[in-house]
Number of protein chains: 2
Amino acid sequence: MGPGPINADPRVLRALSAPLIGQYDPAMTQYMHETMQLYREVFATDNTATLLIDGTSRAGIEAVLVSLIKPGERVLVPIFGRFGHLLREIAERCGGEVHVIECPWGEVFQPEQIETAIRKVKPRLLALVQGDTSTTMCQPLAEIGAICRREDVLFYTDATASLAGNSLKTDEWGLDAVTAGLQKCLAGPSGSSPLTLSSRAVEVVHGRRHVEAGISSGRDRLTDPGARIRSNYFDLSMILDYWGELRLNHHTEATSMLYGARECARLLINEGMENAIDRHALHGQAMVEGLKGLGLEMFGDQAHRMHNVSAAVIPAGLEGEGLRRSMLEDFGIEIGTSFGPLHGKVWRFGVMGYNARRDTVLTTLAALEQTLRRGGISVVGGSGVGTALDFYSDQALRGHA
Amino acid sequence: MGPGPINADPRVLRALSAPLIGQYDPAMTQYMHETMQLYREVFATDNTATLLIDGTSRAGIEAVLVSLIKPGERVLVPIFGRFGHLLREIAERCGGEVHVIECPWGEVFQPEQIETAIRKVKPRLLALVQGDTSTTMCQPLAEIGAICRREDVLFYTDATASLAGNSLKTDEWGLDAVTAGLQKCLAGPSGSSPLTLSSRAVEVVHGRRHVEAGISSGRDRLTDPGARIRSNYFDLSMILDYWGELRLNHHTEATSMLYGARECARLLINEGMENAIDRHALHGQAMVEGLKGLGLEMFGDQAHRMHNVSAAVIPAGLEGEGLRRSMLEDFGIEIGTSFGPLHGKVWRFGVMGYNARRDTVLTTLAALEQTLRRGGISVVGGSGVGTALDFYSDQALRGHA
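All values derive from a computational prediction rather than experimental measurement.

Calculation notes
- Residues numbered from 1 in each chain as written.
- Chains lettered and ligands numbered in written order.
- Predicted model: local features only at pLDDT ≥ 70, side-chain atom pairs only at ≥ 80, totals over all residues.
- Heavy atoms only, no water.
- UniProt positions renumbered as here; feature names shortened; annotations may be inferred.
- Helix = DSSP H or I, 4+ residues; strand = E, 2+ residues; numbered from the N terminus.
- Buried < 20%, exposed > 50% of the residue type's maximum accessible area, 1.4 Å probe, protein only.
- Core = buried A, V, L, I, M, F, W, Y, C linked by side-chain atoms within 4.5 Å.
- Contact = heavy atoms within 4.5 Å.
- 1 Å grid on protein atoms, 1.4 Å probe; cavity = no way out; pocket = protein on both sides within 12 Å on 5 of 7 lines; lining within 4 Å.
- Points joined across faces, edges and corners; volume = space filled by probe spheres on them.
- Least-squares fit on C-alpha atoms with pLDDT ≥ 70 in both.
- Axes fitted to C-alpha atoms, helices over the stretch in contact; angles between N-to-C directions.
- Parallel < 35°, antiparallel > 145°, perpendicular 65-115°, else oblique.
- Nonpolar A, V, L, I, M, F, W, Y, C, P; charged D, E, K, R; others polar.
- Buried area = accessible area lost by both parts, 1.4 Å probe.
- Salt bridge = Lys/Arg side-chain N within 4 Å of Asp/Glu carboxyl O.
- Polar contact = N/O pair within 3.5 Å; in protein donor to acceptor, adjacent residues only side chain to side chain.

## Description of the UniProt feature "modified residue: N6-(pyridoxal phosphate)lysine" (unreviewed entry) in chain A
All names here are of chain A. Taking the UniProt record as the reference, the feature "modified residue: N6-(pyridoxal phosphate)lysine" (unreviewed entry) is found at Lys184. If you trace the backbone, Lys184 turns up in the loop between β8 (177-179) and β9 (193-197). The class for Lys184 is buried, based on a relative accessible area of 8%.

## Overview of the nonpolar core
Of all hydrophobic cores here, the largest spans 199 residues; its most connected members are Tyr39, Leu65 and Leu197 of chain A together with Tyr39, Leu65 and Leu197 of chain B. Leave out the neighbours within four places in its chain, and Leu65 of chain B touches Leu87, Ile90, Ala91, Cys94, Leu125, Ala127 and Tyr156 of chain B.

## Concerning empty space enclosed by the protein
Under the definition given, this model contains five cavities of 30 Å³ or more. Its volume calculated, the largest cavity comes out at about 80 Å³. Lining the largest cavity are Glu62, Val66, Arg93, Cys94, Arg230 and Ser231 of chain A together with Glu62, Val66, Cys94, Arg230 and Ser231 of chain B. Elements with a minimum of two residues in the lining of the largest cavity: α3 (57-68) of chain A together with α3 (57-68) of chain B.

## Focus: the relation of the copies chain A and chain B
Once chain A is rotated about the relating axis by 180° and shifted along it by 0.0 Å, it coincides with chain B to within an RMSD of 0.0 Å. Classification of the inter-copy transformation places it as that of a two-fold axis. Rotation axis and chain A: the residue whose C-alpha lies nearest the axis is Gly55 of chain A, separated from it by 2.4 Å. Residue by residue, 98% of the interface of chain A is reproduced at the interface of chain B, so both copies engage with the same surface.

## Thoughts on the packing of helix α8 (residues 199-206) of chain B against helix α9 (residues 236-243) of chain B
All names here are of chain B. Viewed as axis vectors pointing N to C, α8 and α9 meet at an angle of 110°, and their least axial separation amounts to 8 Å. In this view, α8 runs roughly perpendicular relative to α9, as classed from their interaxial angle. Residue-level contacts link Val202, Val205 and His206 of α8 to Leu236, Ser237 and Leu240 of α9. Considered class by class, the residues forming the contact of α8 with α9 number four nonpolar, two polar and no charged.

## What to know about the packing of helix α13 (residues 358-374) of chain B against helix α14 (residues 383-397) of chain B
Residue and element names in this part refer to chain B. For the pair α13 and α14, interaxial distance at closest approach is 8 Å and the crossing angle is 155°. Relative to α14, the element α13 lies roughly antiparallel. Contacts between α13 and α14 involve Arg358, Val361, Leu362, Leu365, Ala366 and Glu369 from the former and Ser383, Gly384, Val385, Ala388, Leu389 and Tyr392 from the latter.

## Quick notes on the interface of chain A and chain B
Contacts between the two partners involve 62 residues from chain A and, on the opposite side, 61 residues from chain B. Buried area between chain A and chain B, both sides added, is near 4800 Å², and the carbon and sulfur share of it is 54%. Where chain A packs against chain B, one counts six salt bridges. The salt bridge involving Arg228 of chain A is made with Glu92 of chain B; its shortest N-O contact spans 3.1 Å. In this structure, the connection of chain A to chain B is made through 28 residue pairs in polar contact (both at pLDDT 80 or more). In terms of residue count, helix α4 (residues 82-93) of chain A provides more of the side of chain A that touches chain B than any other element does, eight residues in total. For the side of chain A that touches chain B, a count of residues per class yields 24 nonpolar, 22 polar and 16 charged.

## Details of the UniProt feature "binding site: substrate" (unreviewed entry) in chain A
Residue and element names in this part refer to chain A. Summarizing the sequence annotation, UniProt attributes the feature "binding site: substrate" (unreviewed entry) to Arg348 in the numbering used throughout. By secondary structure assignment, the location of Arg348 is in strand β11 (residues 346-350). Within polar-contact distance, the side chain of Arg348 engages the backbone oxygen of Thr133 at 2.6 Å.

Following this line, the structure appears as structure tokens:
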């Protein structure tokens with residue numbers, strides 16, 4: 001019940017253990033096509049270029065940044081938590097000239113702030129986290145795509161922590177690139193990164209296309225060597241050829257992780273994306289109500305909290321790591337702390353994926369009550385679970401549960 | 001029964017579906033330590049720096065090259081097949097000044113040729129494939145480590161296709177970096193890349209250490225920004241901190257693939273590395289005897305063939321892809337063709353990992369006999385299976401099976 005990775009859905013675990021098939025077996029090609037189509041629905045997009053990167057969510061981020069940023073190009077990264085710093089860091093390593101704006105941890109940006117920065121910096125790319133688990137904030141994106149189109153800026157968002165737990169509309173919002181991971185609201189294991197690219201982004205990537213020596217026929221040589229993508233593994237022009245009609249050999253697809261990623265998407269599409277988001281909103285809010293019922297203060301702008309993760313301020317005088325250890329050792333429940341300025345200051349509670357359920361919320365609150373009490377904090381018996389149950393009843397009356 | 005990926009061992013598939021645990025759960029830390037120790041045995045090394053890269057075998061290659069090569073440094077890549085071209089290509093993208101020597105496909109290098117090239121080029125790094133599946137050749141490495149030490153060159157080898165099917169002695173041979181994948185003789189799925197680094201290599205990597213913004217305390221800043229590793233995801237200095245005592249956050253470990261990788265190594269260590277190599281030698285040679293029994297001519301220098309993959313020349317007048325399709329559609333058996341100059345010229349037969357068995361060899365030969373005959377090739381009934389069975393009997397008499 002921390003900020004992820006989470007317990008995977010048992011159906012996803014089962015999918016992982018399916019027998020392997022060859023990477024050019026027609027059945028495998030069919031699985032790859034199905035996976036692409038399923039993720040188009042997850043990302044709410046018609047983008048042909050929708051596929052998996054074989055690596056963790058961070059691999060997806062690096063694939064987009066190294067493929068879209070030519071060394072020397074300007075990149076704007078608005079930072080509202082740890083993962084904004086990560087985008088800056090990766091963009092710098094890709095050779096980008098990175099400009100940042102920052103807002104206090106626990107807040108998000110207004111579209112006007114981003115627009116002003118874009119006009120000043122004139123970047124080629126805006127790289128913006130949607131949900132930053134380090135602060136639990138969810139940056140509104142709906143108005144930013146239009147700004148980017150007006151200013152001719154590519155718009156990339158990292159939706160690792162937010163996708164399927166919060167609304168994300170790739171096409172409607174004008175997102176040019178989105179990446180994610182399985183280990184949060186997608187209810188799977190870390191190790192595969194779903195990704196989608198708009199036709200604008202594909203055009204940039206194709207402009208840097210360079211076919212690998214050893215499988216090249218000698219054609220397809222890039223005329224501008226400076227444009228060559230600095231990574232082979234993350235070269236999206238080659239990865240698009242591998243997933244596309246050419247089926248040109250690149251890496252050997254991680255078959256088991258593909259099975260898992262496909263099952264994650266299949267379960268979400270069966271449930272319905274809107275239903276999945278509502279489920280995260282319901283159980284995420286129940287957790288918050290319960291935490292407040294226990295007398296804890298929530299961290300950050302609650303109007304912009306991600307549905308699926310919340311942070312409670314550690315009460316003064318309590319050793320937060322000791323409580324986390326007790327929760328794990330006595331109850332088998334993992335909760336998180338945070339990074340940088342928030343390390344040791346907050347506990348983070350994830351309610352995501354397979355763990356976005358009533359029983360997990362109530363069990364966590366019950367265990368937390370016991371652990372707080374033994375940590376010397378005065379707690380009214382049943383105050384957490386009771387408040388959460390009241391919230392569930394109230395929502396049921398309103399037809400939300 | 002192609003050059004990989006292969007059918008995974010069912011015990012590895014089962015391991016993949018184990019429930020997830022948090023990345024800082026003590027149980028997870030213990031799994032990571034066990035995995036490191038198991039791979040030390042697989043790589044025949046005492047290197048502390050032995051771990052997994054979360055990606056396919058190609059990810060391991062790129063992690064080593066981008067972490068060891070500073071832009072502008074000289075790299076020597078002896079090329080004897082497609083995967084030598086891949087090492088060149090990745091090293092170039094890392095900014096290395098890459099020099100190559102080539103030998104005809106189907107042959108390997110003599111140590112003197114490599115020594116002469118090292119003296120001429122004076123590279124910082126020698127990057128050399130051990131087993132190149134494109135040609136089936138296995139480059140002898142035992143004498144090259146000593147040359148590299150004498151000339152103060154780091155020695156990296158890509159053992160993706162060869163490890164556990166052919167002898168590899170990291171410490172004894174003076175290898176500074178070795179990478180692999182699970183999808184060949186390790187009997188697992190693609191998607192995790194075991195890797196080991198000597199203390200010489202670790203020193204180079206640590207010299208380029210740079211802690212990520214957002215989790216950094218402000219110390220640990222690199223004084224020479226040109227030395228900064230160009231990738232975050234493949235930055236071995238950070239990945240070593242993640243797997244090491246510091247346990248500093250980097251990516252979110254791909255838990256399911258870790259379980260799989262651990263099981264692959266556990267099965268090999270239980271069997272004994274020498275026994276596993278002997279098993280690949282036995283069944284690989286039985287396949288070759290059977291192919292010759294069917295009247296096929298083998299491709300390449302048979303004295304330097306990898307135990308686990310062999311290539312037969314496609315008989316004149318036969319459409320090789322049609323036969324491959326029949327093998328798959330009629331018998332459910334996948335065999336390979338090759339790349340570049342060998343595309344459509346040879347079929348490749350893999351006898352590796354879980355598929356390095358008597359029944360898989362004999363079934364493949366039986367199916368191939370039928371398919372060749374229907375392709376219009378004159379074949380003596382039983383000539384493939386019979387020759388292989390004779391070979392097995394002969395080996396059993398000699399106590400090898």
